[in-house]
Amino acid sequence: MSFHGYVGNILYVDLSTKKIRKEKLSETLIRNYIGNLGVNTKLAYDLIKPGTDALSPENHIILGTGPLGGTVAPACSRSNANYKSPLTHLFGSANSGDSIALMLKFAGYDHLVISGKAKRPVYLKIDDDEVQFLDARHLWGKDVFETTDTLWTELGDYWVNCIGPAGENLVRFAASVTNKHSLYGRTGIGAVMGSKNLKAIAARGTKGITVADRKGFMKIVDGLLEKIKTSPATELWRDFGFVVAFPAYGGTGLFERCNYAEGFADLAEAFSKEEYKSHVVKKAYACPSCPVGCKQVVEIRDGKYAGLNFRVAALGSQVGYHSQAGVENWDEVVKCVELENKYGLDSTSLGSTVGFAVELYKKGIITKKDTDGMVLDWGGETTRALIEKIVRREGIGDILADGAKAAAEKYGPEAGRYAGHMKGLEITLGVRGRLSTENFGEFTNPRGGHLERSPSLTFVPRKPKVFPPFSAAIGVPQERIEKVCDGPEGFNVSRLTKWVEDYNTVLASMGLCHRTPVTQHFDLQITTDLYQAATGIEISPGELRQAGERIWNLQKAFNQREGADKKDDMPPWRVLNESIKIGDKEYPPLTEDWANKLLEEYYEERGWNIKEGRLTKEKLQELGLGDVASDLGLG
Amino acid sequence: MGLAYKSVDERRILADDEKCNGCLMCQLRCSDRFEKAFNISRAAIRVDRFAKGATDFFISFTDKCDACGICARHCPYDALTWLKEGKEVT
């Protein structure tokens, strides 16, 4: 078949044997799994055998862009990386807005699959059809910025994705970083690359991407661009990025601080948008094909960190992540982020794990004997000191480098109460102030505690009447809308989360950004129209939605065959047992009974086993996954 | 502040690096005009996003550019201005 939207190829490279293989995408694969996250999921399920050690040569790293990546479809150039996570030992998943995978698509590959382990450090150089394994011994030991600069000097106009010392030292939440600023952040891809002796991927591509119906495609794109251009949200996000959401995130308890112990109602005052604009950020920058531009060029001109100048994705989110370690002001957050980008670390896991260590120290669960004599306290100073130790796996850093869950297992059962993770992945959002699909989705996401597959209109309180039309627009069938939209705020959080996850999985498999100023202009019908115009593949909105559900179920199957079940969907002890103060108001814990009820409703909506949260033969067969049912021993 | 420009006959494109956010939409649209495919390496407008430090993006034009204005018409950040006979075209 001829390809439009897609470029039509998967590139397989094996670092042990140095074998390179190209394979055509099949129509069945893309019809069932769309592209990007979806095709990655299918490849990961097929290639990574259950029980594989995530840091062994048998693990695979799979990168992919979607059928809209590299076109002018607005904000559709995000990519996903998937593998078995060394942090969760389950489905590993990270995504990136401005990534190496996009340049790989221009080189002619929708997906790159990396397996094996090189004998010595190597980097992969991909120049259209020419694929080479090159010596990286001169890069090993260098940080992300130094490595990227070295390769730019040696190679010229290439895009570079690499790991820093965190990945080399197998820190289980190490990231890989493209062009110094865009991270595959979560679930430890950096450690997987490090375990394979793969320091970097450098790519250059000169091939084009065609669309099937150019006129129809441009018409849809121009309509979307006009909506985005005239929306007030666009300018706000361009000026302030995620900081525009601080009043809502602080006020409703989505952002917490000090290891999930306190609310952060005064977030918008403590981290003002005025200081952000005048002191921290020089200008916005955009991912490829994005007309919003919500990322930031940081340029600090005065104060303690005068001279700091680097690019960062979603600096506002970073405030939330670092607040778990009590990092106290813009300067300190920015400095921590710079270190994390330079060393190749996931900021969310880092902030949470540091906060966990500080709390254990303050509670006396660990002492100076455990901290190499350090006094641990909330704030930037301790965070920076622990970053250095974690990256080098020195002393306490060697324990924290395995993440909060593993560290808690070393420090004893009382420590486990304060480890804020789901499935081993440190969580991003608070849930006790108010439940939305965004934070409830952290329980159910197969990748662990992350919000990115479940944002929806529910993240701030709205009039209940908005939810039925919203639900219909994302593909909830008419007969389910009454149940899905039943609740005091106009929705049932468990049931709606299921549909939001399926829809967002479709968007992620297209490559669409999940941020509000973009997604508010899309729905399932527009996405289907855009996909058809780009690819020429006829598909209905219902089929596309079902592909999203299929992908989600296959990720669940990946985890289930590793032994994961309902216990892995239960939130951390603190969330279930401690109340939280947000501003002047005290909010009760979620409680185990309530969490059980929420999860059981979710499982029911998903067609899974209600009590155990396991996949069922009926649901898998409905999705055309009968072979997966056999794999899982369901007959 | 960089202010590159390209003039052909009565047409002129002005590029303001400081307003550029590096989205590459100009290169994608330009390449589509020439190639009927999205291919940033074939665009007549160039945006250097990385090689010169973290702060700015540098816009330039190749000899192939005929100042048709398609890049300016589709720049979401008003970094490009298209002039015909001295007058701005929007």
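Quick summary incoming for the structure in this document. (Residues numbered from 1 in each chain as written. Chains lettered and ligands numbered in written order. Predicted model: local features only at pLDDT ≥ 70, side-chain atom pairs only at ≥ 80, totals over all residues.)

Structural notes on the overall build of chain A
Counting secondary structure elements, chain A contains 29 helices and 21 strands. For 635 residues, the compact-globule formula gives about 26 Å, and the C-alpha radius of gyration of chain A, at 23 Å, lands near that figure. Expressed along its principal axes, the backbone C-alpha trace of chain A runs to roughly 65 × 60 × 55 Å. Sorting the 635 residues of chain A into buried and exposed places 61% on the buried side. Considering only residue pairs separated by 6 or more positions, chain A has 68% of its internal contacts joining residues 24 or more positions apart. (Helix = DSSP H or I, 4+ residues; strand = E, 2+ residues; numbered from the N terminus. Rg over C-alpha atoms; globule rule 2.2 N^0.38 Å. Buried ≥ 20, exposed ≤ 12 C-beta atoms within 10 Å, placed from the backbone. Contact = placed C-beta atoms within 7 Å.)

Regarding the overall build of chain B
In terms of regular secondary structure, chain B is built from 2 helices and 6 strands. The order of α-helices and β-strands along chain B, N terminus first, is β-β-α-β-β-α-β-β. In terms of overall size, chain B behaves like a compact globule, its C-alpha atoms giving a radius of gyration of 12 Å where 90 residues would be expected to give roughly 12 Å. Summarising its shape, the C-alpha atoms of chain B cover approximately 35 × 30 × 25 Å along the three principal directions. A total of 90 residues make up chain B; the buried ones form 43% of that total. Considering only intrachain contacts with a sequence separation of at least 6, the fraction spanning at least 24 residues in chain B is 50%.

Quick look at the environment of A:His514
Residue and element names in this part refer to chain A. Assignment of secondary structure puts histidine 514 in the loop between α22 (493-510) and α23 (516-519). Judged by the 18 C-beta atoms lying within 10 Å of it, histidine 514 falls in the partly exposed class. The residues contacting histidine 514, other than those within four sequence positions of it, are Glu452, Pro455, Asn504, Leu507 and Thr519.

A short note on the sheet that holds strand β2 (residues 11-16) of chain B
All names here are of chain B. Taken in spatial order, the 4 strands make up an open sheet running β1-β2-β5-β6, and their pairing is antiparallel. Across the chains shown, the open sheet's two edge strands, defined by having one partner strand only, are β1 (3-8) and β6 (87-89). Direction aside, the axes of adjacent strands within the sheet are offset by 30° on average. Pairing of β2 with strand β5 (residues 80-84), which is carried by 5 bridges, proceeds in the antiparallel orientation. Pairing of alanine 15 across the sheet is with leucine 80, part of β5. (Pairing = 2+ DSSP bridges. Axes fitted to C-alpha atoms, helices over the stretch in contact; angles between N-to-C directions.)

So, the interface of chain A and chain B
In this complex, chain A contributes 26 residues to the contact, which on the side of chain B involves 22 residues. Those elements that provide at least two residues to the side of chain A that touches chain B are β15 (281-285), β16 (295-299) and β17 (309-312) of chain A. A class-by-class count of the residues in the side of chain A that touches chain B yields 12 nonpolar, 9 polar and 5 charged. (Nonpolar A, V, L, I, M, F, W, Y, C, P; charged D, E, K, R; others polar.)

What to know about the sheet that holds β16(A)
Two pairing modes exist for strands in a sheet, parallel and antiparallel, and in both the strands are linked by backbone hydrogen bonds. All names here are of chain A. Taken together, the 3 strands give an open sheet; going across it, the order is β15-β16-β17, and neighbouring strands pair in antiparallel fashion. With partners counted over all chains shown, the strands left at the sheet margins are β15 and β17, one partner each. Along the sheet, successive strands turn relative to each other by an average axial angle of 20°, direction set aside. By the bridge criterion, 4 bridges tie β16 to β17 in an arrangement that is antiparallel. In the strand pairing of β17, glutamate 299 is matched with asparagine 309.

Quick notes on α22(A)
Across its 18 residues, α22(A) extends 25 Å between first and last C-alpha, which sits within 8% of the 26 Å expected from 1.5 Å per residue. Most of α22(A) sits out of view: 18 of its 18 residues are buried. (Expected span 1.5 Å × (residues − 1).)

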